[in-house]
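Chain by chain, the residues:
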Amino acid sequence: MTVVPEPTRKLHVVTHGCQMNVYDSARMADVLAPLGYATVDSPEGADMVIMNTCHIRERAADKVFSALGRLRDLKDATGGRMMIAVTGCVAQAEGEVILQRAPYVDLVVGPQAYHRLPELIATAHRTRGSVIDTAFPAEQKFDFLPDAAAPQGVIANLTIQEGCDKFCSFCVVPYTRGAEASRPAASILAEARRMVGQGAREIVLLGQNVNAWHGAAPDGGVWALPRLLRELADIPGIARLRYTTSHPSDMTDELIAAHRDNPALMPFLHLPVQSGSDRVLAAMNRKHKADDFRRIVGKLRDARPDMAFTSDFIIGHPGETDADFAATMRLVRETRFALAYSFNYSPRPGTPAAGLPQVPDEVKNARLYELQAELRRQQDAFNAATVGLRTPVLFTGIGRHAGQIAGRSLYAQPVVVQSAAPLTGEVHDVTITDANPNSLLGTLIKEHIAA
Ligand code: SAM
Ligand code: SF4
């Protein structure tokens, strides 16, 4: 058993980017707890600041260097005692550059090396120099990170898969997160049970390509995601399951059927399509066509008629013409999304599309504006359509105003009701009375208590 000493050092973690980074930040805090580090909310006076970074778009990566400039002043104020670590995908992709531009950084640690943080810190202290570890080790990080320690609340994220072998033309993930790796089923189930013991009722399975998960099974075989979802649904206390992010080409018929057969699985799927043009999808090396996406959406709606979708779009990938963009708009209008994220294409160093002739910024901006206006209309329409409906809500805690309790709908929309009882961790039916842009208001149907 690990003995965790009294906290004697202050750790501040700044997280940029995706939910997987949020999960990794918590794991790094767990790795450092046995060294006496306890997390604090502010970098002022911290013994160690970790900046866990995102490299997916240029603007995300640029944020790192401006934030490091501010941390330098805080480090100087401690006489150089504060350690600064840069972790995550910018660390992986730009390790040497970080040390050249910000030599006061003590540690640069890629996403595969978090379990080695204690020895890297010791080396930095011993050598009084900067230490960099961006190797892709043969061992799986999953096997070495400690179990999640801090409770996450009613909704808990659980990383089950890392990395990617798909090499989309625009994307840094295969270079920063390495090859696709699936965590073994037994360790996922054990972590899920622990999360339930800490109050979790909804578990969100995370992975860059989560639906490609195929993990070692306790019986010596290999399971695919539908089997894992069944085993998770059998854990007493689990009310809801979700998984994100999925690739269309890994959306198997068995997984589609799971949305019909597994009642814990929410009728809500994030399925990035990126473009509605087959020409652009081929240039992106996406391995699916626009009609494949339409077919998957259709099958899922047949399997579960109340299914709703979110997606990601990239506008202005090299070679995208007006006709290609029109095809994207057509797909968006046909599909009707609950919500979608859309981004201008951002050239990432080292990726194939970065070296191609680029679409001018003003063209990208005009297309993105048009797409986002349509997506906003669809999101508003989706939320407005819930008004008057009776729907189950998983309550997560108190709301912002007195007497309010907040929760999530089947589609992860924030829902607020008035209630004297706390209801945290419970699922109750609610009649939706009003839809705001980012949340729903409802009244509790008191006599109804769902599982
Ligand atoms: N694995 C997921 C998939 O295949 O769709 C996506 C994961 S990626 C971390 C999240 C989103 O970032 C992508 O879906 C894409 O829309 C966006 N993205 C990735 N690279 C980008 C780039 N170079 N420029 C703009 N957006 C990008
Ligand atoms: Fe990036 Fe997703 Fe493509 Fe993998 S499948 S390269 S994570 S966009």
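Look a little higher up for the structure.
Keep in mind the model is a prediction, meaning the values are calculated, not measured. (Residues numbered from 1 in each chain as written. Chains lettered and ligands numbered in written order. Predicted model: local features only at pLDDT ≥ 70, side-chain atom pairs only at ≥ 80, totals over all residues. Heavy atoms only, no water.)

1. Points about the overall build of the protein chain
Then, number 1: Broken down by element type, the protein chain carries 12 helices and 21 strands.
Then, number 2: Whereas a compact globule of 451 residues would reach a radius of gyration of roughly 22 Å, the protein chain reaches 23 Å, a difference of no more than 12%.
Then, number 3: For the protein chain, the spread of C-alpha atoms along the three principal axes comes to 65 × 55 × 50 Å.
Then, number 4: Across the 451 residues in the protein chain, those meeting the buried criterion constitute 54%.
Then, number 5: Surface exposure of the protein chain reaches about 19,700 Å², of which carbon and sulfur atoms provide 54%.
Then, number 6: Put simply, the protein chain has 47 plus and 49 minus side-chain charges, and the middle of one group is 2 Å from the middle of the other. (Helix = DSSP H or I, 4+ residues; strand = E, 2+ residues; numbered from the N terminus. Rg over C-alpha atoms; globule rule 2.2 N^0.38 Å. Buried < 20%, exposed > 50% of the residue type's maximum accessible area, 1.4 Å probe, protein only. Areas by Shrake-Rupley, 256 points an atom, 1.4 Å probe, with all protein chains shown as cover. Lys, Arg positive; Asp, Glu negative; His and termini not counted. Charge placed at Lys NZ, Arg CZ, Asp CG, Glu CD.)

2. Regarding helix H12 (residues 361–384)
Then, number 1: Its 24 residues give H12 an end-to-end C-alpha distance of 34 Å, which sits within 8% of 34 Å, the value for a rise of 1.5 Å per residue.
Then, number 2: Restricting attention to buried positions, one finds in H12 the residues Lys 364, Arg 367, Leu 368, Leu 371, Glu 374, Leu 375, Gln 378, Gln 379 and Asn 383. (Expected span 1.5 Å × (residues − 1).)

3. As for helix H7 (residues 225–233)
Then, number 1: Listed in full, the buried residues belonging to H7 are Leu 225, Pro 226, Leu 228, Leu 229 and Leu 232. In a view along the axis of H7, the buried residues occupy a sector of 160°, so they form one face of it.
Then, number 2: Taken together, the buried residues of H7 touch helix H6 (185–197), strand E10 (202–206), strand E12 (222–224), strand E13 (240–244) and helix H8 (253–261). (Arc of directions from axis to C-beta. Contact = heavy atoms within 4.5 Å.)

4. Some remarks on the sheet that holds strand E4 (residues 83–88)
Then, number 1: Overall, parallel pairing links the six strands, which are arranged E2-E1-E3-E4-E5-E6 in an open sheet. The open sheet is flanked by strand E2 (37–39) and strand E6 (131–133), the only strands paired with a single partner. With strand direction ignored, the average angle separating the axes of adjacent strands in the sheet is 20°.
Then, number 2: Across three bridges, the pairing between strand E1 (residues 9–15) and E2 is parallel. Bridged to Leu 11 within E2 is Thr 39.
Then, number 3: Contacting strand E3 (48–53) and E4, helix H2 (residues 58–77) runs over the sheet at an angle of about 160° to E4.
Then, number 4: Packed on one face of the sheet, helix H4 (residues 117–127) meets E2, E3, E4, strand E5 (107–109) and E6 and runs near 155° to E5. (Pairing = 2+ DSSP bridges. Axes fitted to C-alpha atoms, helices over the stretch in contact; angles between N-to-C directions.)

5. A few points about the site of ligand 1
Then, number 1: Residues in contact with ligand 1 amount to 17 residues; listed here are only the nearest, Gln 208, Gln 274, Arg 286, Asp 312 and Ser 346.
Then, number 2: Residue Arg 57 places a side-chain N or O atom 3.3 Å away from a nitrogen atom belonging to ligand 1.
Then, number 3: Taking Phe 170, its main chain carries an N or O atom lying 2.9 Å from a nitrogen atom of ligand 1.
Then, number 4: For ligand 1, whose accessible area on its own is 560 Å², the fraction buried by protein is 89%.
Then, number 5: Secondary structure elements with two or more residues in the shell around ligand 1: strand E15 (308–315) and strand E16 (339–344). (Near = heavy atom within 4 Å. Polar contact = N/O pair within 3.5 Å; in protein donor to acceptor, adjacent residues only side chain to side chain.)

6. Observations regarding the environment of Tyr 341
Then, number 1: Tracing the backbone through its elements, the reader meets Tyr 341 in strand E16.
Then, number 2: Owing to a relative accessible area of 42%, Tyr 341 belongs among the partly exposed residues under this scheme.
Then, number 3: Those residues in contact with Tyr 341 that sit more than four places away from it in its chain are His 270, Ser 311, Asp 312 and Phe 313.

7. A word on the pairing of E16
Then, number 1: By the bridge criterion, six bridges tie E15 to E16 in an arrangement that is parallel. Paired with Ile 315 across the two strands is Asn 344, which belongs to E16.
Then, number 2: With respect to chirality, the unit in which E15 leads through helix H11 (residues 322–335) into the neighbouring parallel E16 is right-handed. (Right-handed = clockwise from strand over helix to strand, strands pointing away.)

That's the geometry; what it means functionally is another story.
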